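Given next are the chains, with one letter for each unit.
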Amino acid sequence: MTTKDKPQRPVEPDFGWFGAGWACFKSNELIAGFVPALDDEPALFEWFDGFAAAHADYPDAEAMAGMLEGDFSRGESFDDALFRIMKFRIYDYLSENKVLERYEQYCDKGRQ
């Protein structure tokens, strides 16, 4: 395989992986070039942060109704939103390789 034949690793967009995660949530789809390499956990976690921020800022109708009633358990979860956007493609990889669990640990440590 020549260098020309090797698959290109994703290059961080000008607005960062956080912005790319935000954009994917808001566009309701994976955007070509807006998802980091799956083995680049720091970039992937930044992407998750952007995705999660957009998910929190733009709750679905069921979540909004629950918030108005003081029930914050209603609506689409982060995992469900991620699964919906990824449409089975990357979510299985993330689950099988425990990437989401390591992301939760990363969040619990306060991103130290």
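Residues numbered from 1 in each chain as written. Predicted model: local features only at pLDDT ≥ 70, side-chain atom pairs only at ≥ 80, totals over all residues. Heavy atoms only, no water.

Details of unusual backbone geometry
Positive phi, close to 65 degrees, is recorded for Asn28, a residue that is not glycine. Turning to its location among the elements, Asn28 is positioned in the loop between α1 (16-27) and α2 (41-57). Relative accessible area serves as the criterion here: at 42%, Asn28 is assigned to the partly exposed category. (Helix = DSSP H or I, 4+ residues; strand = E, 2+ residues; numbered from the N terminus. Buried < 20%, exposed > 50% of the residue type's maximum accessible area, 1.4 Å probe, protein only.)

Concerning the pattern of salt bridges
This model, assessed by the stated rule, comprises 4 salt bridges. One salt bridge connects Arg74 with Glu62, and the closest N-O pair in it is separated by 2.8 Å. In this pair, Arg74 is assigned in the loop between α3 (61-68) and α4 (78-86) and Glu62 in helix α3, connecting sequence segments 12 residues apart. With a relative accessible area of 24%, Arg74 lands in the partly exposed category. Take Glu62: its relative accessible area is 41%, and that puts it in the partly exposed class. For Arg84, the salt bridge is made with Glu76, and the minimal N-O distance between the two is 2.8 Å. The partly exposed category is assigned to Arg84, whose relative accessible area is 30%. One salt-bridge network, in which partners are shared between bridges, spans Glu62, Glu69 and Arg74. (Salt bridge = Lys/Arg side-chain N within 4 Å of Asp/Glu carboxyl O.)

A look at the packing of aromatic side chains
Summed over all chains, the structure comprises 13 aromatic pairs. Their ring planes at 55 degrees and their centres at 5.1 Å tell us that Phe45 and Tyr103 sit as a pair that is tilted. With a gap of 58 residues between them, Phe45 in helix α2 and Tyr103 in helix α6 (residues 99-108) connect regions that are remote in the sequence. On the numbers, 5.3 Å between centres and 15 degrees between planes, the contact of Trp47 with Phe51 is stacked. Of the two residues, Trp47 and Phe51 both sit in helix α2, 4 residues apart, roughly one turn of that helix. A network of ring pairs unites the aromatic residues Phe25, Phe45, Trp47, Phe48, Phe51, Phe78, Tyr103 and Tyr106 as a single cluster. (Phe/Tyr/Trp six-rings, centres within 6.5 Å; stacked < 30°, edge-to-face > 60°.)

Here we look at the environment of Gly21
In this fold, Gly21 is placed in helix α1. Residue Gly21 is classed as buried on the basis of its relative accessible area, which comes to 0%. The spatial distance from the C-alpha of Gly21 to the C-alpha of Trp47 is 4.5 Å, given a sequence separation of 26 residues.

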